[in-house]
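This is what each chain is made of:
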Amino acid sequence: MTVLEAIQKSTEFLVKKGVESPRLQTELLLAHLLKMPRMKLYLNFDRVLTAPETDSLRELIKRRGQREPLQHIVGSTSFCGYEIAVSRHGLIPRPETEILAELGWKFLSTRNLQPSTALDFGTGTGCIAISLAAKCPNAQITALDVSADALALAKQNAFQNQVAERIEFLHGDGFSALKYGTEFDLLISNPPYIASAEIETLDPEVKDFDPRGALDGGADGLDFYRRLAAQAKPFLKVDGKIMLEFGDGQADDIKKILENEKWIVEAVQEDYSHRARILIAHK
Ligand SMILES: C[S@@+](CC[C@H](N)C(=O)[O-])C[C@H]1O[C@@H](n2cnc3c(N)ncnc32)[C@H](O)[C@@H]1O
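So, how was this worked out
- Residue numbering note: each chain is counted from 1, following its sequence as written.
- This being a predicted model, a pLDDT of at least 70 is required before a residue's local features are given, and a value of 80 or more before pairs of side-chain atoms are given or counted; all residues contribute to the totals for chains, interfaces and linings.
- As a rule here, side-chain values come from all non-hydrogen atoms in the structure, and water together with hydrogens is ignored.
- One requirement defines pairing of two strands: DSSP has to find at least two bridges between them.
- Here a helix means four or more residues in a row that DSSP labels H or I, a strand means two or more in a row labelled E, and each is numbered from the N terminus.
- Orientation is described by axes fitted as lines to C-alpha atoms, over the contacting stretch for helices, and by angles from 0 to 180 degrees between their N-to-C directions.
- Any pair of residues with heavy atoms lying within 4.5 Å of one another is described as a contacting pair.
- Any N or O atom pair separated by 3.5 Å or less is treated as a polar contact, with the protein-specific requirement of one donor-capable and one acceptor-capable atom, and with residues adjacent in sequence counted only for side-chain atom pairs.
- Any residue under 20% of the maximum accessible area for its type is buried, any over 50% is exposed, and the rest in between are partly exposed; the area is computed with a 1.4 Å probe on protein chains only.
- Domain start and stop points were drawn from an automatic or database domain assignment.
- Throughout, nonpolar core names a set of buried Ala, Val, Leu, Ile, Met, Phe, Trp, Tyr and Cys residues whose side chains join them through atoms within 4.5 Å.
- Note on ring pairs: Phe, Tyr and Trp rings are taken, using the six-membered ring of Trp, and paired if centres are within 6.5 Å. Classes follow the plane angle, with under 30 degrees stacked, over 60 edge-to-face and the rest tilted.

Section: the sheet that holds strand E5 (residues 167-171)
Pairing between the strands of a sheet comes from backbone hydrogen bonds, and it takes one of two forms, parallel or antiparallel. Strands sit in the order E5-E4-E3-E6-E7-E9-E8 across an open sheet of seven strands; the sheet is mixed. Each having just a single partner strand, E5 and strand E8 (264-270) make up the two edges of the open sheet. Taking the axes of each pair of neighbouring strands and ignoring which way they run, one obtains an average angle of 15° across the sheet. Where strand E4 (residues 140-145) meets E5, five bridges bridge the pair, whose relative direction is parallel. In the sheet register, Leu144 faces E5, and the bridge partner there is Leu170. Each of strand E3 (117-121), strand E6 (184-189) and strand E7 (236-245) is contacted by helix H11 (residues 223-231), which is oriented at about 175° to E7, the strand it contacts most.

Shown next, in the form of structure tokens:
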């Protein structure tokens with residue numbers, strides 16, 4: 001079978017399995033298998049796959065057909081240009097979270113004369129904490145998660161990206177893991193925000209492979225915002241900022257939750273599809 005035939009056959013299979021962007025997914029898996037950039041496949045359409053390559057491709061495509069996310073199959077993803085290993089223990093980093101991370105490091109770098117500090121609440125794979133540490137060489141980051149498995153993954157990612165020495169990893173349930181009186185310049189979080197009953201309606205790639213504890217935001221999806229709004233102030237410096245990602249359609253509710261707790265909401269930022277997805281506030 002040639003590269004082109006393999007792409008066509010695998011794409012047809014993934015179409016039947018209801019996978020989104022089946023041709024792209026096929027090409028990415030084949031490029032991963034052949035260890036070449038995807039575009040190079042186009043120069044190799046007539047190359048004949050060896051028998052072991054064909055077997056391996058069949059296996060990869062079968063897994064994707066079972067709706068296992070591409071990132072789990074290849075083992076990693078890119079976040080703000082950093083390679084982040086992924087597994088069932090940490091939410092696969094999403095593109096809109098890159099916007100949150102960028103807002104975070106831009107703010108921290110305005111405070112770079114002194115060592116600036118940030119708390120990444122619910123670090124998962126560590127993607128936000130790692131980007132902040134990498135972009136702000138003077139910053140000290142605390143990465144907090146209730147999942148010990150997620151923290152282990154975050155640590156591994158921090159080592160791989162050579163920023164582990166500037167990240168403290170804390171295991172615990174929310175602010176109870178922190179020493180009272182610890183104050184950060186930035187409190188940044190992409191907390192779980194899906195309403196519990198909605199989880200079953202999500203794509204299999206999400207509901208069956210992202211950790212439940214990374215998705216479930218309680219009955220209306222807003223539990224973590226209530227908690228952050230009520231409990232975060234003592235952990236933030238007077239001139240610090242809180243930056244929160246949230247789901248599409250939640251902006252008004254989250255703004256109200258923060259304002260009820262006397263936060264000053266400075267800005268609501270949109271994602272690449274022009275949907276309000278990030279809120280910035282201060283005390
Ligand atoms: C939506 S994921 C975000 C992961 C990562 N920060 C990102 O943006 O890709 C939320 C994370 O919050 C963690 N989490 C859930 N409840 C928590 C709690 N009570 N205290 C600390 N972390 C919690 C989950 O384990 C999960 O890793």
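Observations regarding the side chain of Thr11
Mapped onto the elements of the fold, Thr11 is located in helix H1 (residues 3-16). Reaching out from Thr11, the side chain makes a polar contact with the backbone oxygen of Ile7 at a distance of 2.6 Å. The contacts of Thr11, once residues within four sequence positions are left out, are Pro22, Arg23 and Thr26.

Regarding unusual backbone geometry
Even without being a glycine, Ser21 presents a positive backbone phi close to 45°. Phi angles above zero are rare outside glycine, and His274 is one such case at about 60°. With respect to the secondary-structure elements, His274 resides in the loop between E8 and strand E9 (276-282). His274 sits in the exposed class, given a relative accessible area of 62%.

Brief notes about the domain arrangement of the chain
Taken as a whole, the chain is organised into domain 1 (3-66) and domain 2 (76-282). With centres defined by C-alpha atoms, the gap from domain 1 to domain 2 works out at 34 Å.

Regarding the nonpolar core
If you look at the biggest cluster of nonpolar residues, it comprises 34 residues, and the most contacted ones within it are Leu108, Leu132, Ile141, Ile167, Leu186 and Met243. When contributions to this core are tallied by element, the ones reaching two or more residues are strand E2 (82-85), helix H6 (95-109), helix H7 (127-135), E4, helix H8 (148-160), E5, E6 and E9. Looking at this core element by element, the count peaks at seven residues for H6. Not counting the four nearest positions on each side in its chain, Leu132 is found in contact with Ala101, Gly104, Trp105, Leu108, Ala118, Ile141, Leu186 and Ile188. Phe184, Tyr193, Phe224 and Leu236 belong to the second-largest nonpolar core, a separate cluster that totals 33 residues.

So, the packing of aromatic side chains
Two descriptors summarise a pair of aromatic rings, namely the distance from one centre to the other and the angle between the planes of the rings. Going through the model one piece at a time under the given rule, you end up with four aromatic pairs. For the pair Tyr42 and Phe45, a centre-to-centre distance of 5.1 Å together with 45° between the ring planes defines the contact as tilted. The class of Tyr42 is partly exposed, set by a relative accessible area of 37%. Relative to Phe235, the ring of Tyr180 has its centre 5.7 Å away and its plane inclined at 75°; by these criteria the two rings are edge-to-face. In this pair, Tyr180 is assigned in the loop between E5 and E6 and Phe235 in the loop between H11 and E7, connecting sequence segments 55 residues apart. Of the residues examined, Tyr180 reaches a relative accessible area of 68% and is grouped as exposed. Phe235 sits in the buried class, given a relative accessible area of 4%. These aromatic residues form a ring-pair network of at least three members: Phe121, Phe175, Tyr180 and Phe235.

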